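Summary of the model geometry
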Amino acid sequence: MTTAYGRLTLAEIYNEMDSLASSYPEFVTVTTTQDEFGLPSSCRSFESQHVGCITKYLVIEDPLVYSNSIAGKALKRRPDVFLSGALHGDERVGPVAILEVAKLLALAASCESGQATGSSECNNFYSNFTARQAGWLARLVATRRIVILPAANAKGYHLNNRYEKYVYDNGSTLSIDPNRDFSFDNSPSNCMRSIAARSINELFHEYLFQMSMTYHGGIESISFEWGALSIPLNKVSPDDIGQRILAEKMSLFAGELSPSTYYTTGDMNDVVYGVYGGFEDWVYAGSWKTDMTVQCSPNTYGGYDASKTSYDDATLNTFNILVETSNSKNPASSAYGSDTSLLDAPFLYDANVDNGYATKHVRTALMAIDAVEPYVEINRCKGKRYNQEYKPLRALTNRWSKRYKKIRSKFGSKPKVWWSVGGSFTVDETFIIYGKWSDLPSTFNGLNQPSHTDVISLMSNSNFYTTKTKSGSTRWSDPTSATVPSFAARIKTSKFASGDLIAVFAIAKVDQNWSLQPNNIWPNVSVQSHMVKIRTDSNYNKNKNDREVQGQLYWVSVPLSMKIK
Ligand SMILES: [Zn+2]
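Residues numbered from 1 in each chain as written. Predicted model: local features only at pLDDT ≥ 70, side-chain atom pairs only at ≥ 80, totals over all residues.

What follows covers unusual backbone geometry. A cis amide bond links E225 to the next residue, W226, at an omega of 10 degrees. For W226, the location among the structural elements is in the loop between β8 (221-224) and α9 (240-254). Between A345 and the following residue, P346, the backbone shows a cis peptide bond with an omega angle of 0 degrees. Along the chain, the position of P346 falls in the loop between β10 (319-324) and α12 (357-371). The backbone of M192 shows a phi angle near 55 degrees, a positive value even though the residue is not glycine. Mapped onto the elements of the fold, M192 is located in the loop between β6 (173-176) and α8 (195-206). What makes M192 buried here is the crowd of 31 C-beta atoms within 10 Å. (Helix = DSSP H or I, 4+ residues; strand = E, 2+ residues; numbered from the N terminus. Buried ≥ 20, exposed ≤ 12 C-beta atoms within 10 Å, placed from the backbone.)

Following this line, the structure appears as structure tokens:
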């Protein structure tokens, strides 16, 4: 059954958020930045009060998957992703698209957890998505924490106005552009004036976002930092290569805008225009390009504590992709598309019937959630397929896959193991490593990523065998292809004895080209973002609150357990 997307009012969006939280309380929490962070209402007491006075957001996470005490490291490192729409209140597609992302993920997690098996919602879900797609969506919920702020400028969205209008005590008004209201390349009195910007600021203090999407409208492009006016002409960011690859692949995954035409991609200064005080550059560089940040002293809403605009070295190192969804800021409902063939590549132009503007950006958001962290999955051995490795709401225990991901092989046979690499774009190296569970160091528990030293020492451990190193692609190498690239290698069971229990890991090193730099970077520093560092620097470690970002060169799969007959 097809669900068509279409225009939504703020009241409709907020109602849908509330009903998600009541339908899927295990996965979805809804709150407001007023309740959570004590921000003021964006409507003064003497103004008319309406639904747009408060700023609602939701958080999607699996509370159980890493709840076992030995999964502490995995929980701490589970990456945070931020999706936001409508910094400009009259740009209407983004909020709908990311609300649909929330609905889809919550539904997928619920159906895949097995708790709602047989419900009409799940039956409908499984009629729209293959087992592999369903497993992928549920995996995103289990392995990421996703924060969705559909209408950052809630007041503007409710009133269909670009600006957040502030009314002074004397009745005079100030139309604040929330995307000029951040503390980067700006002056202290001109930032954090809006509740929209403060809401985002509070969320960045609370979470440790590695990846962020910001949805606008009025043109059609997918762009990335730099986008600040004070950046010298023709200069690109130190993380340009990774940002550029991600935006280009995202454009392909969004699909065709017209036959053979895709979203234009590039850095904002080039394809959109630079601004003072933009969200994007603030979030990318506020933690390290500190000579361009300021402490804000706005005179709106009773002021804002200056300490709220000082940052540690982990908060603002985020990729923030700016999507301009459509030439019309407010396209007709009939151009929003539907969930039909949502994940079935290629995403050809169909006059926006199914592959509409919201459909395209359900996809770009899903890609962002996936790409935040590389992973490797063993998905086939002999005739057996493994579609859903992480079952939502299953608390993983030490070496859990010994029971859940297992196969038997005859002594002397050479079973073929298939695996694929996700959350990344190019596979530089990948191979299988295998040996007896009983010889495996305890750090390989199928939950936490082993440290770089642990992986290297396993590779030189004579009780373990590695297959030939390969290189190749991921599903993001060509997002318009319906085929998910995979790798295969054979296990030599003759190395073991009948009755032995073998752990088989797939390992991959990915996206090493992201750390390369063109010669027109500015400033002249090494790569700075979590997104690049996490995959290219095994010494990279940043901490904030209860969160941690740890670089890995080798990403290790959950092991397949093989019993030798
Ligand atoms: Zn905009």
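Many authors give the size of an interface as the accessible area that is lost as the parts come together. Along its sequence, the protein chain is carved into domain 1 (10-366) and domain 2 (375-564). The centre of domain 1, based on its C-alpha atoms, is set 30 Å off from the matching centre of domain 2. The set of elements that each furnish at least two residues to the side of domain 1 that touches domain 2 consists of α3 (72-77), α4 (93-113), α6 (131-143), β7 (209-216) and α9. If you tally residues by element for the side of domain 1 that touches domain 2, the top one is α6, at eight residues. For the side of domain 1 that touches domain 2, the residue count by class is 28 nonpolar, 14 polar and 16 charged. (Domains from an automatic or database assignment. Nonpolar A, V, L, I, M, F, W, Y, C, P; charged D, E, K, R; others polar.)

Okay, the nonpolar core next. L105, A108 and I321 are the most contacted members of the largest nonpolar core, which has 124 residues in total. Residue contributions to this core peak at 14 residues, all from α4. Per-domain counts for this core show at least three residues from each of domain 1 (10-366) and domain 2 (375-564). Contacts of I321, omitting those with residues within four sequence positions, involve M213, I222, F224, L246, A247, M250 and A368. Counting 33 residues, the second largest nonpolar core, distinct from the first, contains V417, L458, I491 and A508. (Core = buried A, V, L, I, M, F, W, Y, C linked by C-beta atoms within 7 Å. Contact = placed C-beta atoms within 7 Å.)

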